[in-house]
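# Architecture and fold: a report
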Amino acid sequence: MKKLAILFGLLLSATTFAHMDGETTAPLAKDATEAQKQVIRDAAADFCDGAEEDEREECVMDFFANHNLEEEPSCD
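Residues numbered from 1 in each chain as written. Predicted model: local features only at pLDDT ≥ 70, side-chain atom pairs only at ≥ 80, totals over all residues. Heavy atoms only, no water.

### Focus: the nonpolar core
A general feature of soluble globular proteins is that nonpolar side chains tend to end up buried together. What counts is decided by this rule: The definition of a nonpolar core used throughout is a set of buried Ala, Val, Leu, Ile, Met, Phe, Trp, Tyr and Cys residues joined through side-chain atoms within 4.5 Å. Note on classification: 1.4 Å probe, protein chains only; a residue is buried when its accessible area is under 20% of the maximum for its type, exposed when over 50%, partly exposed between these limits. In this description a helix means any DSSP run of H or I spanning at least four residues, a strand means any run of E spanning at least two, and both kinds are numbered starting from the N terminus. Contacts are assigned to residue pairs with any non-hydrogen atoms lying within 4.5 Å of each other.
Judged by nonpolar contacts, Leu 28, Ala 32, Ile 40, Ala 43, Ala 44, Cys 48, Cys 59, Val 60, Phe 63, Phe 64 and Leu 69 together constitute the single largest core of eleven residues. At the level of elements, helix H2 (34-47) and helix H3 (53-66) are the ones that each hand at least two residues to this core. For this core, the element with the most residues is H3, which contributes four residues. Beyond its immediate stretch of four places on either side in the chain, Ala 44 contacts Val 60, Phe 63 and Phe 64.

### Let's talk about the state of the cysteines
In a disulfide, the sulfur atoms of two cysteines are held together by a covalent bond. Rule in force here: Two cysteine sulfurs form what is called a disulfide whenever their separation falls within 2.5 Å.
Across all of its chains, the model carries one disulfide by this definition. The partner cysteine of Cys 48 in its disulfide is Cys 59, sulfur to sulfur 2.0 Å. Its S-S torsion of approximately -75° makes the covalent link between Cys 48 and Cys 59 left-handed. In this pair, Cys 48 is assigned in the loop between H2 and H3 and Cys 59 in helix H3, connecting sequence segments eleven residues apart.

This is the structure in structure tokens:
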């Protein structure tokens, strides 16, 4: 039982601190509009702008995952 409580605590803390350092955009709700999704896309582009090509794609994927946007990133 104690192990289960520790695991549950770790899961809660992981979701609480899911945001990346230096960004302030809130995660999407389940019923997000297209405009809200575009805000996340734009924020990811701005946040990951300084990264190298390979690192930028990973940065955008992580940003999308942390903000509940379930789509493949476009790093064009």
